[in-house]
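# Coordinate analysis (summary)
Here's the letter readout for the chains.
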Amino acid sequence: MKGWQLIVYLATLCLGCYAEDKPTPLVIWHGMGDTCCFFFSMGRIKKMVEERIPGIYVRSLMIGGNIIADEEHGYFGNVNNQVEEVCQKLSNDPELQGGYHAMGFSQGGQFLRTVAERCPEPAMRNLITFGGQHQGIFGLPNCPSGNALCEEMRRLLNLGAYIKRAVAERCPNPSMKNLVTLGGQHEGVFGLPSCPSSPSESRLCEYVRKLLNYGSYVSWIQDSLVQAQYWHDPLHEEDYRNYSIFLADINNEKVVNEEYRSNLKKLENFVMVKFLKDSMVVPTESEWFGFYSPGQDQEILSLQQTELYLEDRLGLKEMDEAGKLKFVSVDGDHLEFSDEWFLQEIVDKYVT
């Protein structure tokens, strides 16, 4: 072998060794009210991973063209369109073509699971979800049972999540002679009962105000409000299955989509982190794919007790039996964990 040929051969070997030693990239999808790049949230997660695994490529997903749009998309828009946007971005990213791991925080968990089901290329290897609502929600953040405001907002979402169109009717007959109003809001309201004078002083009040502010003027709530698209009403399961445009589809509750099932089973590990003191996700068991028994909202079934598992509509039973499902718990509130726990129990085990 000539000298120059030997040099090319050795250089090729070195490049091959480098490619093999290069860490598997990581993709992150943030939760509601967050963005890709806040230094104290996803930016901090990205930095910790990069410091723990030198040379790793970490992509924190931005939905839309800027950070403001990214945060707004956490509340408003069609999740199916957002997933399609992400699939396109991942497909066009040369750093991800050899496969990647994924971390989804809060609602970003079920969104990245959708990516795994619908977009098998590039391949997702390990999926880690932190407080993801895999079976949906049937409650509002930080809302104790029995709270009148919370119950009213749940009722509103319960109706609005599945009703495609609301019709206001005027009834001139019989005729009204005298009208007496006591404390009527003739110019409307821009606040909520039992809330501070400035709704922004309360995260719950501000969240519900945004919901009403948007939903009051949009006929197609299910198509436009992100949280409505994973709202799961156990009291009206048929309405949920018929009208849910997102969650019922990705959970194969309408029909069994064999591509979803097959693609999800390609994961090497599906890690679900549940926060035992979670005050944001109702019911908390949704973070491990559990949910209310159909027809009521008191008794909760574990994943292994649900029809979804017993009929293996999504391949979860097969994955569980193969040891691919990892159920991890943290004794804290929603997304409340220490750096040490995150690095030792998640990064070192499922990202390196």
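Residues numbered from 1 in each chain as written. Predicted model: local features only at pLDDT ≥ 70, side-chain atom pairs only at ≥ 80, totals over all residues. Heavy atoms only, no water.

## So, helix H5 (residues 107-118)
Look at H5: 17 Å from first C-alpha to last across twelve residues, which is about the 16 Å you get at 1.5 Å a residue. Counted residue by residue, H5 has eleven buried out of twelve residues, so it is predominantly covered. Among all positions of H5, only Gln107, Gly108, Gly109, Gln110, Phe111, Leu112, Arg113, Thr114, Val115, Ala116 and Glu117 are buried. (Helix = DSSP H or I, 4+ residues; strand = E, 2+ residues; numbered from the N terminus. Expected span 1.5 Å × (residues − 1). Buried < 20%, exposed > 50% of the residue type's maximum accessible area, 1.4 Å probe, protein only.)

## A look at the packing of aromatic side chains
Going through the model one piece at a time under the given rule, you end up with 17 aromatic pairs. With centroids separated by 6.2 Å and ring planes inclined at 45°, the aromatic side chains of Tyr75 and Phe76 adopt a geometry described as tilted. The exposure class assigned to Tyr75 is buried, which follows from its relative accessible area of 12%. Look at Phe76 and you get partly exposed, because its relative accessible area is 23%. Aromatic side chains Phe337 and Phe342 sit 5.6 Å apart centroid to centroid with 25° between the ring planes, which places their arrangement in the stacked category. (Phe/Tyr/Trp six-rings, centres within 6.5 Å; stacked < 30°, edge-to-face > 60°.)

## A look at unusual backbone geometry
Of note, the amide linkage connecting Glu121 to Pro122 takes the cis form, showing an omega dihedral of -5°. Here Pro122 shows up in the loop between H5 and strand S4 (124-130). The omega torsion across Val282 and Pro283 is -5°, close enough to zero to call that bond cis. Its place among the elements puts Pro283 in the loop between strand S5 (269-275) and strand S6 (291-292). Positive phi is not limited to glycine here, since Asn252 has a value of about 55°. By the element assignment, Asn252 lies in the loop between helix H10 (247-250) and helix H11 (258-264). Since its relative accessible area comes to 0%, Asn252 is described here as buried. Phi is positive for Asp312, close to 50°, though the residue is something other than glycine. Locating Asp312 in the fold gives a position in the loop between helix H12 (307-310) and helix H13 (316-321). Of the residues examined, Asp312 reaches a relative accessible area of 12% and is grouped as buried.

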